[in-house]
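Residues per chain are reported as follows:
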There are 2 protein chains.
Amino acid sequence: MRALILGGDGYLGWATAMAFAARGHDVLAVDNALRRRLCEEIGVRPLFPMPPLTKRADIFFAHSGKRVAVCEGDLRDAAFVDALFRDFEPEAAIHYAEQPSAPYSVMGPKEARLTLDNNLGVTHNVILSVLARAPRCHIIKLGTMGEYGTPNIDIEEGWIEIEHKGRKDSFLFPRQAGSLYHTTKVMDTDLLWFYVRAYSLRVTDLMQGPVYGISTDESDLDERLSPCFNYDDVFGTVVNRFLTQAAAGEPLTVYGKGGQTRGYLNIRDTINCVELAMQNPVAPGELRILNQFTETFSVNDLARIVRKAGRAMGLSVKVESIENPRRELEEHHYNPAHSGLLELGLKPHFLTQSVAEGMLEKILGRREAIDRSAFKPRVKWSRETFLKR
Amino acid sequence: MRALILGGDGYLGWATAMAFAARGHDVLAVDNALRRRLCEEIGVRPLFPMPPLTKRADIFFAHSGKRVAVCEGDLRDAAFVDALFRDFEPEAAIHYAEQPSAPYSVMGPKEARLTLDNNLGVTHNVILSVLARAPRCHIIKLGTMGEYGTPNIDIEEGWIEIEHKGRKDSFLFPRQAGSLYHTTKVMDTDLLWFYVRAYSLRVTDLMQGPVYGISTDESDLDERLSPCFNYDDVFGTVVNRFLTQAAAGEPLTVYGKGGQTRGYLNIRDTINCVELAMQNPVAPGELRILNQFTETFSVNDLARIVRKAGRAMGLSVKVESIENPRRELEEHHYNPAHSGLLELGLKPHFLTQSVAEGMLEKILGRREAIDRSAFKPRVKWSRETFLKR
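The residue numbers shown here count from 1 along each chain, following its written sequence. Here the convention is simple: chains get letters from A, ligands get numbers from 1, in the order in which they are written. Thresholds applied to this predicted model are a pLDDT of at least 70 for local features of residues and 80 or more for the giving and counting of side-chain atom pairs; totals over whole chains, interfaces and linings are not thresholded and use all residues.

1. Considerations on the overall build of chain A
- Per the secondary structure count, chain A includes 13 helices and 14 strands.
- The atom set for the radius of gyration is the C-alpha atoms, and the globule formula is 2.2 Å times the number of residues raised to the power 0.38. Computed over the C-alpha atoms, the radius of gyration of chain A is 20 Å, within 12% of the 21 Å expected from 2.2 N^0.38 for a compact globule of 389 residues.
- Overall, the C-alpha framework of chain A stretches about 60 × 55 × 45 Å when taken along its three principal axes.
- What counts as a contact here is a pair of residues whose C-beta atoms, placed from the backbone, lie within 7 Å. Restricting to contacts in chain A with at least 6 residues of sequence separation, those with at least 24 account for 82%. Strands here are runs of E lasting at least two residues and helices are runs of H or I lasting at least four, both read from the DSSP assignment and numbered beginning at the N terminus.

2. Describing the packing of helix 4 (residues 78-88) of chain B against helix 6 (residues 109-133) of chain B
Residues and elements named next belong to chain B.
- For every element, the axis is a line fit to its C-alpha atoms; helices are fit only across the contacting stretch, and the angle between N-to-C directions ranges from 0 to 180 degrees. At their nearest, the axes of helix 4 and helix 6 sit 9 Å apart, and the two run at 45° to each other. When the interaxial angle is binned, helix 4 and helix 6 end up oblique. Crossing angle aside, the handedness with which helix 4 passes helix 6 is right-handed. Between helix 4 and helix 6, the contacting residues are Ala78, Val81, Asp82, Phe85 and Arg86 on the first element and Asn125, Val126, Ser129, Val130, Ala132 and Arg133 on the second.
- When residue character is reported, Ala, Val, Leu, Ile, Met, Phe, Trp, Tyr, Cys and Pro are called nonpolar, Asp, Glu, Lys and Arg charged, and the others, Gly included, polar. Broken down by class, the residue content of the contact of helix 4 with helix 6 amounts to six nonpolar, two polar and three charged. Any angle that is under 35 degrees is reported as roughly parallel, and any over 145 degrees as roughly antiparallel; angles of 65 to 115 degrees are reported as roughly perpendicular and all others as oblique. Helix crossings get a hand from a simple test, with the near helix turned counterclockwise from the far one by less than a right angle marking a left-handed crossing and a clockwise turn marking a right-handed one.

3. Focus: the nonpolar core
- Joining buried Ala, Val, Leu, Ile, Met, Phe, Trp, Tyr and Cys residues through C-beta atoms within 7 Å gives a set, and that set is a nonpolar core. Any residue surrounded by 20 or more other C-beta atoms within 10 Å of its C-beta is treated as buried, while 12 or fewer makes it exposed and the intermediate range makes it partly exposed; C-beta atoms here are placed from the backbone. With 246 residues, the main nonpolar core has Ile5 of chain A together with Ile5 of chain B as its most contacted residues.
- When near neighbours in sequence (up to four residues on either side) are disregarded, Ile5 of chain B contacts Gly13, Thr16, Ala17, Val27, Leu28, Ala29, Val30, Ile94 and Tyr96 of chain B.

4. So, the interface of chain B and chain A
- Listed per partner, the contact involves 43 residues of chain B and 43 residues of chain A.
- A total of ten residues in the side of chain B that touches chain A trace back to one element, the largest contributor, which is helix 7 (residues 180-199) of chain B.
- Looking at the side of chain B that touches chain A residue by residue, the class counts come to 27 nonpolar, six polar and ten charged.

5. Let's talk about the environment of Ala369 of chain A
- Its place among the elements puts Ala369 of chain A in the loop between helix 12 (353-364) and helix 13 (383-388).
- Here the alpha-carbon distance between Ala369 of chain A and Phe48 of chain A, two residues 321 residues apart in the chain, equals 8.5 Å.

6. Looking at the pairing of strand 2 (residues 26-31) of chain A
Residues and elements named next belong to chain A.
- Counting buried positions over the six residues of strand 2 gives five, a clear majority of the element.
- Pairing between strands is defined by DSSP: at least two bridges between the two strands are required. Across five bridges, strand 1 (residues 2-6) lies against strand 2 in parallel orientation. The partner of Arg2 across the bridge, within strand 2, is Asp26.
- You can see the chain leave strand 1, run along helix 1 (residues 11-22) and come back into strand 2, and the turn it takes is right-handed. By the criterion used throughout, a crossover qualifies as right-handed when its path from the first strand across the helix to the second strand runs clockwise, the strands pointing away from the viewer.

7. Topic: the sheet that holds strand 13 (residues 295-298) of chain A
All names here are of chain A.
- Taken together, three strands build an open sheet; the order of strands is 9-11-13 and the sheet is mixed. Each edge of the open sheet is held by one strand with a lone partner, namely strand 9 (211-212) and strand 13.
- Bridge analysis of strand 11 (residues 261-266) against strand 13 gives four bridges, and the strand direction is antiparallel. Bridge pairing in strand 13 places Tyr264 opposite Glu295.

8. Observations concerning the relation of the copies chain B and chain A
- Alignment of copies: least-squares fit on C-alpha atoms of residues with pLDDT of at least 70 in both copies. Aligned on chain A, chain B shows an RMSD of 0.0 Å; the corresponding rotation is 180° and the shift along the axis is 0.0 Å. The superposition operator between the copies reduces to a two-fold rotation axis. Measuring from the rotation axis to each C-alpha of chain B, the shortest distance belongs to Met187 of chain B, at 2.7 Å.
- By residue overlap, the copies meet face to face through one surface: 100% of the interface positions of chain B are interface positions in chain A.

9. Considering unusual backbone geometry
All names here are of chain B.
- Look at Ala33: it is not a glycine, yet its phi comes out positive at around 60°.
- By secondary structure assignment, the location of Ala33 is in the loop between strand 2 (26-31) and helix 2 (34-42).
- Residue Glu89 is not a glycine yet carries a positive backbone phi of 50°.
- Within the secondary structure, Glu89 is located in the loop between helix 4 and strand 4 (92-95).
- A count of 14 C-beta atoms within 10 Å places Glu89 in the partly exposed class.

10. Observations concerning the packing of helix 8 (residues 238-248) of chain A against helix 10 (residues 299-312) of chain A
All names here are of chain A.
- Their axes nearest at 10 Å, the elements helix 8 and helix 10 cross at an angle of 35°. For the element pair helix 8 and helix 10, the recorded crossing hand is right-handed. Between helix 8 and helix 10, the contacting residues are Val238, Val239, Phe242, Leu243 and Ala246 on the first element and Val299, Leu302, Ala303, Val306 and Gly310 on the second.

11. Looking at helix 1 of chain A
Residue and element names in this part refer to chain A.
- Each helix should span, by expectation, one fewer than its residue count multiplied by 1.5 Å. Across its twelve residues, helix 1 extends 18 Å between first and last C-alpha, which sits within 8% of the 16 Å expected from 1.5 Å per residue.
- Most of helix 1 sits out of view: eleven of its twelve residues are buried.
- Of the positions making up helix 1, those classed as buried are Tyr11, Leu12, Gly13, Trp14, Ala15, Thr16, Ala17, Met18, Ala19, Phe20 and Ala21.
- Two residues or fewer after helix 1 comes Gly24, characterised by a positive phi angle close to 95°.

12. Comments concerning helix 2 of chain B
Residue and element names in this part refer to chain B.
- Residues of helix 2 that are buried include every one of Leu34, Arg35, Leu38 and Cys39, and no others. Seen end-on, helix 2 carries its buried residues on one side only, within an arc spanning 135°. Exposed side of helix 2, more than 90 degrees from the buried face: Arg37, Glu40 and Glu41 are the residues found there.
- Contacts from the buried residues of helix 2 go to helix 5 (102-105). This arc is built from the directions going out from the helix axis to the C-beta atoms.

Don't take any of this as a statement about function, it's just geometry.
Dropping the structure here:
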């Protein structure tokens, strides 16, 4: 299929672009290297080498004979987005193009504005250009399980029927996010849902949990094809950070009690979920919401898994509880549905000990490059920290 | 109290600014005349004379001896908003500063972008400047009953307790809006709710129904102090439009079946509701949501009221059903709660025949100025119309 990958330079975008090209899709990856600039700005660096996007596409071509077409540009620019959709005529637009870090979004007013303006502005541009230039294009939007927060009721897959005072209706599942980043995703869903109803767009909104992993069939071809692997407190997701801490001989830093439970998935499953959504498009006027994760863990569970994998490899792994910089429940109910993608055919890659060990091995190969000062949380969910920037 | 009126040149903002000044509050009205520019752009004009904001403040001072301080500027400009809050040190910020028209927001891509960027951008700037410059300031935000849409269950006042699979939790009442404008208000609420929880802001979000009226104690002092009274299809609310159609001898144009039911209020009650909210501020970390209307009517009910008032004044009033340009239910359940403002002490002004006749009389005084071509809906909720712009 003709797939436009928006945010094609990012952790998931690049891995998706290569996998789709390898699987015979016609891929155009678009990015303005925002993530790289933000990493530089706050002084953190992905663990594996990351040549520029065009260079990576060339390396991938040299190994595979498959082309990821690349286009550099800012998706905040309406005319640029319009031209993209007009010229490429995508059947699917995979929308990863957002500022993806919760801590970054609450660093200070400047970062908050960038997050809101970028994320909403890009989503709106994509919607308007699909309407004008490619009305049959299926928008596949990366949302987040964080849109739901941690309610005291079971989380359904996007929708809920509410019975109230003897009457019933169906609604978007109530959403209440714990960071500005997650809130922009709630707002994205609001925006998409209006345009789906008003102009019969076709949208799949994937409520994804935190992703982990370094290895995909394509990135394994060459270290320079690795996903953008951050392990720092701002852009690193927790599994990737814990494994890097273990490799560096640093304690795994658990925020607070560690009972925070989320749904996780391997980066290989992100690719497969997005492809399944693309190959099973929704009808015009439908907003399909799928909860995209394969298993749930508490932070303490993850620490145990990483410690066990580390010890099996001869590492001494300590776990340390530190003051929680976030505002979140540290013990809570969590029972989210996630049958939609399994029904579409997803075969999950679980976080087994061998998967954790495989990741550790790769990380150990870059041990010298690990910046040990990058683990400590530098962003606190407090007015004082927020205004200090 | 020290009240900053954001959007102080608009239909409600100007009336509020005068009333608050008359009642002894210290008022600064801020606006960049966006509404005037948009009216010019689409070729519509308010019925009553509207000197520039500074001039109106002078006229009001001449009549009343009370000062509405005025500041011209764009609230999209973060530095400007920051300076406002730093210098004026408001106790309350009344936030009317949004593009307020549903049809305008779905006219075309340019208008859609303006609506989203302006409404969200201003709300975000206000939040960030309150945090930085006036953390105790109470934000009183004008939301809309349209955030709820027309669900098949009773609408509560902002929140709902949901029991689901044997467990319970409280949530924002589910929202699903019928235009992009209304959707931006849903998104405003999402944004405010995050910042309230994260940084203990004090926010009242007033879910207001469509407002009608020309007369307030202060605007009655001089015709040039009239609120910005639009009667056209884009910026005019339905009661104001129907009364102007009656005065012009044109049929009242009912969209579709006319069973669309909403909660309405008199502009005098808007002023009183906002003042009640201001005089009863919420605690830090609280988002109070109040449904701001005094009675519900269907469009057919309103047509009957206006016809009756018109006939009593010797006008021949016809009612015509025309194709509904909007996407909305024309027959639906509607039972919204609205006890919060009554409990704070609101004494409603209902839409009695004498109120309708009083409005008609004022409108008849400007009969020659009515543009009869402005009534017909020029905006359709369709992809074709949207893209034609």
